[in-house]
Amino acid sequence: MSLPNLYRAMRDASYDVLGCGKFDLLKGAMDWGLDGQHGDALRRLGFTGGIDSAGKHDCLIAANRGLPEPYAHFLS
């Protein structure tokens, strides 16, 4: 996650870089957390805020594994 990217370039140019929804940048990690931040991974990618959540399929897998996921938490 240390390579330059558009998100970091925009953040470094003083833009707020927000993400919301299922944007697949960390697909497979299944470590959303209830806040959707993947620990600090979204910030390390260059985002200043936002929330990531699973898609339908990954949401069910996470629920079956007992992993926290923001959208499933919202629904419950």
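Please read all numbers here as calculations on a predicted model, not as lab measurements. (Residues numbered from 1 in each chain as written. Predicted model: local features only at pLDDT ≥ 70, side-chain atom pairs only at ≥ 80, totals over all residues. Heavy atoms only, no water.)

Structural notes on the packing of aromatic side chains
Two measures describe an aromatic ring pair: the distance that separates the ring centres and the angle between the ring planes.
Link 1 in the chain: Tallied over the full model, the rule gives three aromatic pairs.
Link 2 in the chain: Centroid distance Phe 23 to Phe 47: 5.3 Å. Interplanar angle 40 degrees. Geometry classified as tilted. Separated by 24 residues along the polypeptide, Phe 23 in the loop between β1 (18-21) and α2 (41-45) and Phe 47 in the loop between α2 and β2 (49-52) bring together distant segments of the chain.
Link 3 in the chain: We classify Phe 23 as partly exposed; its relative accessible area is 21%.
Link 4 in the chain: Measuring from ring centre to ring centre gives 6.2 Å for Tyr 71 and Phe 74, while their planes differ by 25 degrees; the resulting arrangement is stacked. (Phe/Tyr/Trp six-rings, centres within 6.5 Å; stacked < 30°, edge-to-face > 60°. Helix = DSSP H or I, 4+ residues; strand = E, 2+ residues; numbered from the N terminus. Buried < 20%, exposed > 50% of the residue type's maximum accessible area, 1.4 Å probe, protein only.)

A closer look at the pattern of salt bridges
For side chains of opposite charge, pairing can occur when their charged atoms come near one another.
Link 1 in the chain: Taken as a whole and assessed by the stated rule, the structure comprises four salt bridges.
Link 2 in the chain: For the salt bridge of Lys 22 with Asp 24, the shortest nitrogen-to-oxygen distance reads 3.4 Å.
Link 3 in the chain: By relative accessible area, Lys 22 is classed as partly exposed at 44%.
Link 4 in the chain: The exposure class assigned to Asp 24 is partly exposed, which follows from its relative accessible area of 39%.
Link 5 in the chain: For the salt bridge of Lys 27 with Asp 58, the shortest nitrogen-to-oxygen distance reads 2.8 Å. Residue Lys 27 is found in the loop between β1 and α2, and its partner Asp 58 is found in helix α3 (residues 56-65); the two are separated by 31 residues along the sequence.
Link 6 in the chain: Accessibility expressed as a relative area gives 54% for Lys 27, which makes it exposed. (Salt bridge = Lys/Arg side-chain N within 4 Å of Asp/Glu carboxyl O.)

Notes on the environment of Met 10
Link 1 in the chain: Secondary-structure assignment places Met 10 in helix α1 (residues 6-12).
Link 2 in the chain: Judged by relative accessible area, which is 32%, Met 10 ranks as partly exposed.
Link 3 in the chain: For the pair Met 10 and Ile 61, spaced 51 residues apart in sequence, the C-alpha to C-alpha distance is 33 Å.
Link 4 in the chain: The contacts of Met 10, once residues within four sequence positions are left out, are Tyr 15 and Val 17. (Contact = heavy atoms within 4.5 Å.)

Quick look at the state of the cysteines
Link 1 in the chain: Scanning the entire structure with this criterion turns up zero disulfides.
Link 2 in the chain: With no disulfide of its own, Cys 20 lies 15 Å from the sulfur of Cys 59, the closest cysteine sulfur.
Link 3 in the chain: On the accessibility criterion, Cys 20 (68% relative accessible area) is exposed.
Link 4 in the chain: Looking at Cys 59, the relative accessible area reads 12%, which means it is buried. (Disulfide = S-S within 2.5 Å.)

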